[in-house]
Amino acid sequence: MKSAIAATTALLLTACAGGLATTESELQHQRWALASINGEPVDAGIGSELIIGEHMAVSGLAGCNRFFGSARLERERLRADPLASTKMACPPDIQQVEAAVLATLGGGAAVEHQQDRLTLTSSDYVLDYRLANED
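The structure displayed is predicted, hence computed values, not measured ones.

1. Points about the overall build of the chain
Turning to step 1, where the next piece is worked out: Each helix and strand in the chain was counted, giving three helices and 11 strands.
Turning to step 2, where the next piece is worked out: Written out in order from the N terminus, the α and β elements of the chain read α-α-β-β-β-β-β-β-β-β-α-β-β-β.
Turning to step 3, where the next piece is worked out: Taken over 135 residues, the chain has a buried fraction of 36%.
Turning to step 4, where the next piece is worked out: Contacts in the chain between residues far apart in sequence, at least 24 positions, make up 50% of those at least 6 positions apart.
Turning to step 5, where the next piece is worked out: In the form shown here, the chain has an accessible surface area of approximately 8,000 Å², with 56% of it arising from carbon and sulfur atoms.

Here's what the structure looks like:
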């Protein structure tokens, strides 16, 4: 019982200790591969990725189209608006991935960042990314 109380106390102290807020510097200079949308795995062959560069410049592959723009992080929300993108036609399954990515980035999403995982949560989608930096 004491160990359970100690573990719970440690978890609560960690959660309240501050430093949990995601900063721009944590997101910059990273390449993220889209792993799932709303808990459903995304085919890695699609190659959907999000690259966040210097000064929060964003680019990547939404589904079959490349996008670029700049983002801002305010109050734990990431928003990249406006985004420019190529306009190639996509198969329906890839178009669904693309629509989710572009809507989430353009509309703004709550950010949760934990080491090699980035989760963006909008009103319609939860995008789960995994760190994909090249060694």
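Structure's up, so let's keep going.
2. Points about the state of the cysteines
Turning to step 1, where the next piece is worked out: Enumeration according to the criterion identifies one disulfide in this entry.
Turning to step 2, where the next piece is worked out: Put simply, C64 and C90 are joined by a disulfide, and their sulfur atoms are 1.8 Å apart. Its torsion about the S-S bond being -70 degrees, the disulfide of C64 and C90 is classed as left-handed. Here the residue C64 occupies a position in the loop between β4 (57–61) and β5 (66–70), and C90 occupies one in the loop between β8 (83–85) and α3 (92–107), the gap between them amounting to 26 residues.
Turning to step 3, where the next piece is worked out: For C64, a relative accessible area of 16% puts it in the buried group.

What counts, and where the lines are drawn
- Residues numbered from 1 in each chain as written.
- Predicted model: local features only at pLDDT ≥ 70, side-chain atom pairs only at ≥ 80, totals over all residues.
- Heavy atoms only, no water.
- Helix = DSSP H or I, 4+ residues; strand = E, 2+ residues; numbered from the N terminus.
- Buried < 20%, exposed > 50% of the residue type's maximum accessible area, 1.4 Å probe, protein only.
- Contact = heavy atoms within 4.5 Å.
- Areas by Shrake-Rupley, 256 points an atom, 1.4 Å probe, with all protein chains shown as cover.
- Disulfide = S-S within 2.5 Å.

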